[in-house]
Amino acid sequence: MITINGGQQFALDKTLFVFALDSEAGNVFNDKNKLITGIGKVNAAIELTREIQRSRPELIINLGSAGSSSFKKGEVVCCTQFIQRDMDVRGLGFSLYETPLSGIPPLLEYGLAKEGLSQGICGSGDSFEMNHSGTDYTVVDMEAYPLALIAMKEKIPFLCLKYISDDAGSGAADDWTVQVHLAAEAFSRILFTIL
């Protein structure tokens with residue numbers, strides 16, 4: 001069983017661990033229900049939708065690397081709010097990050113909080129951000145928004161933990177290459193102490 005915050009329990013065999021890359025999972029998750037989606041919002045959406053149709057998990061846990069200028073490298077941040085950072089249709093009168101005519105607010109609020117972890121707002125987009133200076137989101141990734149949206153629409157509990165691999169600044173690519181391999185061990189220490 002996985003217990004979140006002492007109250008909610010989920011069967012391990014009905015929990016789906018979702019990563020963009022196998023390098024983020026390492027060997028730690030080889031004996032778990034692991035889904036590797038590939039990079040980007042489209043790949044994430046396609047692969048999670050297929051897996052939900054196939055196995056209908058009771059809990060989805062998105063684990064992955066992310067950039068941040070608000071949190072330290074090596075920190076694991078729990079995200080319960082999400083922005084589609086590359087959605088910009090202000091030219092047609094919509095708010096920044098708002099998906100037109102969707103009925104979904106620009107800030108998607110969905111997910112479980114994990115006690116003991118800092119909380120962040122995740123800005124997902126199909127670019128590797130290296131000049132992050134905004135304040136609308138504190139964590140930068142490429143997949144979490146569609147995963148959270150699909151989990152919400154499918155009414156499946158969702159936990160999103162991001163390992164901060166870089167500062168989303170000019171050295172982000174070099175930092176990510178070094179740090180991404182440390183993510184699996186950090187996730188293991190947090191998740192499997194609550195089994």
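Here's a quick rundown of the structure. Just so it is clear, the structure is predicted and the values come from calculations on it, not from any experiment.

1. A word on the pairing of strand S3 (residues 15-19)
Across the five residues that make up S3, a large majority, five, are buried. Neither face of S3 is open: one carries Thr 15, Phe 17 and Phe 19, the other Leu 16 and Val 18, and all of them are buried. In this sheet, strand S4 (residues 34-36) lies alongside S3 in parallel orientation, the contact comprising three bridges. The residue bridging Phe 17 from the neighbouring strand is Lys 34, located in S4.

2. A closer look at the packing of helix H2 (residues 41-55) against helix H3 (residues 144-153)
Two numbers describe how H2 lies on H3: the axes approach to 8 Å, and their chain directions differ by 30°. Taken as axis vectors, H2 and H3 run roughly parallel relative to one another. Taken as a pair, H2 and H3 cross one another with a handedness that is right-handed. Here H2 contributes Lys 41, Ala 44, Ala 45, Leu 48, Thr 49 and Ile 52 to the contact with H3, which in turn contributes Pro 146, Leu 147 and Ile 150.

3. Some remarks on the packing of aromatic side chains
Overall, the coordinates contain four aromatic pairs when judged by the stated rule. Seen in terms of ring centroids, Tyr 97 and Tyr 137 are 6.3 Å apart; in terms of plane orientation they differ by 75°. Their pairing is edge-to-face. Separated by 40 residues along the polypeptide, Tyr 97 in the loop between strand S6 (76-84) and strand S7 (107-109) and Tyr 137 in the loop between strand S8 (118-124) and strand S9 (139-141) bring together distant segments of the chain. No difference in accessibility class separates Tyr 97 from Tyr 137, as the two residues are buried. Among the aromatic side chains, those forming a connected cluster through ring pairs are Phe 17, Phe 19 and Phe 29.

4. Brief notes about the pattern of salt bridges
Across all of its chains, the model carries eight salt bridges by this definition. Asp 31 serves as the salt-bridge partner of Lys 32, at 2.9 Å between the closest nitrogen and oxygen. Its relative accessible area of 61% is what places Asp 31 among the exposed residues. Ionic pairing is found between Asp 141 and Lys 162, a salt bridge with its closest N-O pair at 3.0 Å. A residue pair is termed long-range when its members are at least 10 positions apart, and Asp 141 in strand S9 and Lys 162 in strand S10 (residues 158-166) qualify at 21 residues. Classification of Asp 141 as buried rests on a relative accessible area of 3%.

The rules behind each value
Residues numbered from 1 in each chain as written. Predicted model: local features only at pLDDT ≥ 70, side-chain atom pairs only at ≥ 80, totals over all residues. Heavy atoms only, no water. Buried < 20%, exposed > 50% of the residue type's maximum accessible area, 1.4 Å probe, protein only. Helix = DSSP H or I, 4+ residues; strand = E, 2+ residues; numbered from the N terminus. Pairing = 2+ DSSP bridges. Axes fitted to C-alpha atoms, helices over the stretch in contact; angles between N-to-C directions. Parallel < 35°, antiparallel > 145°, perpendicular 65-115°, else oblique. Left-handed = near helix turned anticlockwise from the far one by under 90°. Contact = heavy atoms within 4.5 Å. Phe/Tyr/Trp six-rings, centres within 6.5 Å; stacked < 30°, edge-to-face > 60°. Salt bridge = Lys/Arg side-chain N within 4 Å of Asp/Glu carboxyl O.

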